[in-house]
Amino acid sequence: MKIVLMSDPRVAAIPVQECGEELIDTRASGLFLIDQRKQDPDGHFAHLRHGLIERLEHAQRLLPTEFRLLVVEGYRPPALQRAYFEEYATELRRGNPDWSDSRVHEAASRYVSPPEIAPHSAGAAVDLTLAASDGQEVDMGTRMNASPEESDGACYTRANSISGAARAHRDTLCRVMSAAGFVNYPTEWWHFSYGDRYWALHTGQAAAVYGPRDRT
């Protein structure tokens, strides 16, 4: 099945009917683990829309007892999202000087969402992985946030180049997150969203319920 990238015009064409739900600090839940690697002074990284936190709690309860969800990054301010996208696009241009702007934009969207539709900037996406009961991350086949270039495509959720153990762990993560209503971005095994434009396209919804916003 062909992968639909964030840069696909069908994603941007989905309207947003903002529900106004608040961004809540995931650290207050206590049900899952919170990683500090993306921590910022304002604590943006730990925030998600209230509805996503409830769904994450549901996903945690569906996991086998030997696993915990390890949340790495949730909300990302629009300015930070734009900086991430432009940085990666610049890297791609440097390595592929013959590429057109449209090709760079499409390729960049495999790894970083275009700022105008980014689920993270809506508080509607979470990057996470599985940890054992002692808090140690389990083998998922690549490190989290490995680019397609770095991992030779092994960061794609359904990549065939990973071990059987890593495949089983990815399948477990996808199973509980899907059961909780999330959709995975298939070029990033760690990225799941709910309520954003990408989710709406994949679930046949007429509109997204969460749009990009500034957290004040």
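Residues numbered from 1 in each chain as written. Predicted model: local features only at pLDDT ≥ 70, side-chain atom pairs only at ≥ 80, totals over all residues. Heavy atoms only, no water.

Under the convention used in this document: UniProt positions are given in the numbering used here, feature names are shortened, and annotations may be inferred rather than shown by experiment.
An unreviewed UniProt entry lists the protein under the name D-alanyl-D-alanine dipeptidase, with Streptomyces brasiliensis given as the organism. Turning to the protein, the UniProt annotation filed under Catalytic activity (unreviewed entry) states: "D-alanyl-D-alanine + H2O = 2 D-alanine". Recorded under Function (unreviewed entry), the UniProt text for the protein is reproduced unchanged: "Catalyzes hydrolysis of the D-alanyl-D-alanine dipeptide."

**Examining helix α4 (residues 101-108)**
Applied cut-off: Type-normalised accessible area, obtained with a 1.4 Å probe on protein chains alone, sets the label of each residue: buried when under 20%, exposed when over 50%, and partly exposed for intermediate values. Helix and strand definitions follow DSSP, with helices as H or I runs of at least four residues and strands as E runs of at least two, each counted in order from the N terminus. The arc in question is formed by the directions pointing from the helix axis toward the C-beta atoms. Note on contacts: a residue pair is in contact if any heavy atoms of the two residues lie within 4.5 Å.
When we look at burial in α4, the residues that qualify are V104, A107 and A108. Down the axis of α4, the smallest arc covering the buried residues is 95 degrees, so these residues share one side. Of the surrounding secondary structure, the elements contacted by the buried residues of α4 are α3 (78-95).

**Some details on the pattern of salt bridges**
Which entries qualify depends on this criterion: Whenever a carboxyl oxygen of Asp or Glu lies within 4 Å of a side-chain nitrogen of Lys or Arg, that contact is scored as a salt bridge.
All chains considered together, the criterion is met by ten salt bridges. For E137, the salt bridge goes to R37, with nearest N and O atoms at 2.4 Å. Of this pair, E137 sits in the loop between β5 (125-132) and α5 (148-151) while R37 sits in the loop between β2 (33-34) and β3 (47-49), and the two are 100 residues apart along the sequence. For R37, a relative accessible area of 40% translates into the label partly exposed. As a salt-bridge pair, R158 and D171 come within 2.8 Å of each other at their nearest N and O atoms. Here the residue R158 occupies a position in the loop between α5 and α6 (164-179), and D171 occupies one in helix α6, the gap between them amounting to 13 residues.

**Re the UniProt feature "active site" (unreviewed entry) in the protein**
Look at the UniProt record and you will see "active site" (unreviewed entry) annotated at E188. A residue is classified by how much of its surface remains accessible, and E188, at 6% relative accessible area, is buried. Every residue in contact with E188, bar those within four places of it in the chain, is listed here: R110, Y111, V112, C155 and T157.

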